[in-house]
Structure formats: C-alpha cells, structure tokens
Amino acid sequence: MVLTAQTARPHKPTFSTHHLTSLPYTLCIMVKVLAILYRGGEAATQEPRLLGTVENQLGIREWLESQGHEFIVSDDKEGPDSVFQKNLVDAEVLITTPFHPGYLTADLIKKAKNLKICITAGVGSDHIDLNAANERGITVAEVSGSNVVSVAEHVVMSILLLVRNFVPAHEMIERGDWQVSDVARNAYDVEGKVVGTIGAGRIGFRVLQRLVPFNTKELLYFDYAPLPEHAAKEVKARRVEDLKEFVSQCDVVAVNCPLHEGTRGLVNAELLKHFKKGAWLVNTARGAICDKDAVAAAVKSGQLNGYAGDVWNVQPAPKDHPWRTMKNPLGGGNGMVPHYSGTTLDAQARYAAGTKSILENYFKSSPQEPQNIIVEGGKYATKAYGQR
Ligand code: NAI
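Residues numbered from 1 in each chain as written. Predicted model: local features only at pLDDT ≥ 70, side-chain atom pairs only at ≥ 80, totals over all residues.

S.K.: Outline the overall build of the protein, listing residues and values.
M.R.: What the protein contains, in helices and strands, is 15 helices and 16 strands. Along the first, second and third principal axes, the C-alpha set of the protein runs to 75 × 50 × 35 Å. Put simply, the protein has 388 residues, and 46% of those count as buried. By sequence separation, contacts in the protein at least 24 residues apart represent 69% of the contacts at least 6 residues apart. (Helix = DSSP H or I, 4+ residues; strand = E, 2+ residues; numbered from the N terminus. Buried ≥ 20, exposed ≤ 12 C-beta atoms within 10 Å, placed from the backbone. Contact = placed C-beta atoms within 7 Å.)

Following this line, the structure appears as structure tokens:
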C-alpha cells in the first residue's frame, strides 16, 4: 500500500510524477506505470490526436494521476541509463508500442521485479520476450483489432504501388521529367494476378476481403489455422498448406502473421528461390520475418520485382539500412516507409482508448477482454504466436 495525492495535478512537462511526495495524501494503492512511446515533436504539439506520442501520452495522464498513480513517459529506451531501463526496475505496468518498441528482453524481465502487466498500445507484442514473461507469470495484453483495418488498407495500397510501379513514376514527375515508357515498362494490373497472404488472421483476412473487387486470378493463403468456412467462401480464398508451393504460385505475397520463433527469418534466401521470378513482396507484419540481406539481394537481382512495407528488423532503422534504398534492375520496386501503417489518427484513437480500458480492468481486478490477452498466468492465451 502506498500513499497518494488527493487531487489531479496539472500536466508536468518532465513527464514524471516523483514530486507526488510533496502533496497532501490519502490512502490508496498507487501503481507505477511506465510508457515508452515515440517522440512526436512539433507535429504532436500541433496535432493532439497524435495520442501515441510522448507529448500526448495516450491521453491518459490526467486520468491516471487523478487516481494517484505514477506515470512515467519517455521515448528514451536504449541502454542501461535509459529512462526505460532505469524505471523498469520498479514499474508495475509497462505500456509499449510496436512503432518505437521498448525491447523487453529476458534479461530486462529479470530486473523488472515489480512488473505485472505489459500493455501493447497497438497490435504485435513480439518486442517482449513472451516466453520469459510466461516464466515470470507476467500478463501481456494488446489492443487486438485496434489498427487492423489501417494495416489492411496499407497492404492493399502497397500491392498497388508496387504492381503499378507508382513510386518511380511519381519521382519522375518531381524531377521535372516525363518519359512514360520508362515507368510503363514495369507497370502491370492487379487484375488477373495471384495474390496470397502468409497469415490470414484479422489483417490477412481484411486484405483478402479488400482484394475481392480487383478480380484477381486467385486469392491464396498460408496459415496453420484454416479460415472459418464462411470466411474462406466470402473471399473465395484457397489455402495452400506448403509454404514453398504457396509462394511459387503467387505473383504477390503479403506477410500478415506475427513474429515468433516460427516466423523469424521465414522469408529467407532459400524461400525466395521458390518465389515466381519477378514477384512482389509486401510486409507490414514485422521486419524480422524477412531476412534483410536476402530481400535486398532478391530485389537487386530482380528475383523480386519489388518489396514494400513499414516494418524493419530494428526500429528506428539505421540510416544505412539496405531496405531504405534497394532498387530492382529497372530502378524501382521500393515501397518502404517508416512504421506508421497501424498508427493513423483513427487507429491512435482506438488503441489509446483500448489501452485505457485494459488499465481500468487491471486497476479494478476485472477480467480483461479475452481477445486482448497474449500471455497470462504462465501460458499463451492466443493461438496466433506459433503452434505449441
Ligand atoms: P491475428 O492474431 O489476428 O492473426 C495472425 C494470423 O497469423 C493467425 O491466423 C495465425 O494463425 C497466423 N500465423 C501465425 N504464425 C504463422 C505462421 N508461421 N505461418 C502462417 N500463419 C501464421 O493478428 P493480426 O491482427 O492479423 O496482426 C498480425 C500481425 O501484424 C501482428 O502480430 C503484428 O506483427 C502486425 N501488425 C503490424 C502493424 C503495423 O503498423 N505495421 C499494426 C498491427 C499489426
């Protein structure tokens, strides 16, 4: 039991509440909540709907402090002297986001003696060592579904921009040039192509749904969990159970599965050999599912006509990351952007509200929405993080 302030206090620019001790007290349980978010800078000051930033703090500071909880927010996450590692030692709740991940390794979990629950503000909790969390009985929850439409739309956009050779065409216009044949020589229609998704969960299924009106030749999926019959019928998708066979049939492959032991490096040099020559690959799931160097080499050689996505094996991606600048032999085929597909303003409103709701349940000791739980009580609650 800890003492806490009676009233909400004004916003403090330091993002720390250590000064609580100087205020009048009443008895209640105070929880230390640590959040690692991305820095929004000027954009976040101008746009309060950028809720997932250090500046706007998921919109929960006042609410947390009115209940006397301590709330530490920072983007400083690397190394033993970071705000993340220093505050982790006694934090009870950790909020992280996949966009600027506070990597919670097994070693850090050992040091986080008081940690009870990790909340992912968004979807995808691979930045947390889930097996180590299980050993300690730490709950990991995410705001399932909060940004799945946002990502599915981005996937469809990325397929279109690769297949239609959009980026080089736009760059040509910015340069002041006009040579239609230079971009048309590598531009195609999505209609009549075979498009497949690795992972047909919330996002993968929504991608398939959105592709139906494009009159593809066929929609395929590879997932150890078959789609429910009605869902497969709705999108007329065919399941292919062998991954090499699957990729060898696709003109476009989209990766939509979580990162776990079974998917790390799944798309590697060996698998890329089985892709159709000149296929397109889109990955908005997690960077580490695709081998960085193998993908760069495949784009360079033309084995892949292009690669697009928003996720990187390390985030922020280093300046010299090959995915920033890789090009196919015709000078296009790169649709990479920073990790933002799942953090549209619409998505931020949803994952901020979902984070608050998980916290409310936690403080009240109420059960969490089952779909939000990744691991709990030493076990995986979801079937999406690998076959166990
Ligand atoms: P989900 O849990 O609804 O679906 C995941 C699907 O992947 C499940 O059907 C599961 O069976 C399948 N899967 C797991 N391992 C597989 C494997 N080895 N091979 C084939 N399929 C496999 O998850 P949801 O909501 O569709 O999200 C998927 C992932 O997308 C997240 O885990 C996250 O990594 C990523 N994501 C990226 C975002 C972004 O901003 N770029 C935002 C949201 C999610």
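S.K.: Outline the sheet that holds strand β5 (residues 93-96), listing residues and values.
M.R.: Taken in spatial order, the seven strands line up as β4-β3-β5-β6-β7-β15-β16 in an open sheet, and their pairing is mixed. Lying at the two open borders of the sheet, with one neighbouring strand each, are β4 (70-74) and β16 (379-380). Looking at chain direction, strand β3 (residues 32-36) and β4 are connected through five bridges and run parallel. Pairing of Leu34 across the sheet is with Ile72, part of β4. (Pairing = 2+ DSSP bridges.)

S.K.: A description of the site of the ligand should follow, citing residues and the corresponding values.
M.R.: The full set close to the ligand counts 33 residues, and Gly124, Gly201, Pro258, Gly342 and Ala384 are the nearest of them. Going through the elements one at a time, α6 (148-163) and α9 (202-211) are the ones with two or more residues in the shell around the ligand. In terms of residue class, the shell around the ligand is made up of 15 nonpolar, 14 polar and four charged. (Near = placed C-beta within 6 Å. Nonpolar A, V, L, I, M, F, W, Y, C, P; charged D, E, K, R; others polar.)

S.K.: Any details on the UniProt feature "domain: D-isomer specific 2-hydroxyacid dehydrogenase NAD-binding" (unreviewed entry) in the protein? Residues and values, ideally.
M.R.: Within this structure's numbering, the places UniProt gives as "domain: D-isomer specific 2-hydroxyacid dehydrogenase NAD-binding" (unreviewed entry) are residues 157-328. End C-alpha atoms of residues 157-328 are separated by 19 Å, and the span's content is 38% helix alongside 16% strand. (UniProt positions renumbered as here; feature names shortened; annotations may be inferred.)

S.K.: Before we move on, can you summarise the pairing of strand β6 (residues 117-120) with the specific residues and values?
M.R.: A two-sided burial pattern is seen for β6, the buried positions comprising Ile117 and Ile119 on one face and Cys118 and Thr120 on the other. One ladder, built from four bridges, connects β5 with β6; its direction is parallel. Residue pairing for β6: Val93 is matched across the bridge by Ile117. Direction of pairing for β6 relative to strand β7 (residues 139-142): parallel, over a ladder of four bridges. Paired with Ile117 across the strands is Thr139, a residue of β7. Tracing the backbone out of β6, into helix α5 (residues 130-136) and back to the parallel element β7 gives a crossover that is right-handed. (Right-handed = clockwise from strand over helix to strand, strands pointing away.)

S.K.: Requested: an account of α6, with residues and values cited.
M.R.: Between its first and last C-alpha atoms α6 spans 23 Å; for 16 residues at 1.5 Å apiece the expected length is 22 Å, and the two agree. For α6, the full list of buried residues reads Val148, Ser150, Val151, Ala152, His154, Val155, Val156, Ser158, Ile159, Leu161, Leu162 and Val163. Phi turns positive one or two residues past the end of α6, at Asn165, with a value near 60 degrees. (Expected span 1.5 Å × (residues − 1).)

S.K.: Run through unusual backbone geometry, naming residues and quoting values.
M.R.: That bond from Gln315 to Pro316 is cis: its omega, 0 degrees, falls within 30 degrees of zero. Within the fold, Pro316 resides in the loop between β13 (304-309) and α14 (322-325). Here the phi dihedral of Asn165 falls at roughly 60 degrees; this positive angle occurs in a residue that is not glycine. Relative to the elements of secondary structure, Asn165 occurs in the loop between α6 and α7 (166-175).

S.K.: Can you tell me about the sheet that holds strand β9 (residues 218-222), naming the residues and giving the values?
M.R.: Judged by pairing direction, the sheet is parallel, and its seven strands sit side by side in the order β10-β9-β8-β11-β12-β13-β14 without closing on themselves. Two strands in the sheet have a free side with no partner beyond their single neighbour: β10 (237-239) and β14 (334-336). Within this sheet the neighbouring strands show an average axis-to-axis angle of 20 degrees, counted without direction. Strand direction decides the pairing type here: strand β8 (residues 194-198) and β9, joined by five bridges, are parallel. Each bridged residue has a counterpart across the sheet, and for Val195 the counterpart in β9 is Leu219. (Axes fitted to C-alpha atoms, helices over the stretch in contact; angles between N-to-C directions.)

S.K.: Describe the packing of α6 against α9, and please don't skip the residues or the numbers.
M.R.: At their nearest, the axes of α6 and α9 sit 8 Å apart, and the two run at 50 degrees to each other. Here α6 is positioned oblique relative to α9, judged by the angle of their axes. Handedness of the α6/α9 crossing: right-handed. Contact with α6, carried on its side by Val148, Val149, Val151, Ala152, Val155 and Val156, involves Arg202, Ile203, Arg206, Val207, Arg210 and Leu211 of α9 and no other residues of that element. Class assignment of the residues belonging to the contact of α6 with α9 gives a composition of nine nonpolar, no polar and three charged. (Parallel < 35°, antiparallel > 145°, perpendicular 65-115°, else oblique. Left-handed = near helix turned anticlockwise from the far one by under 90°.)

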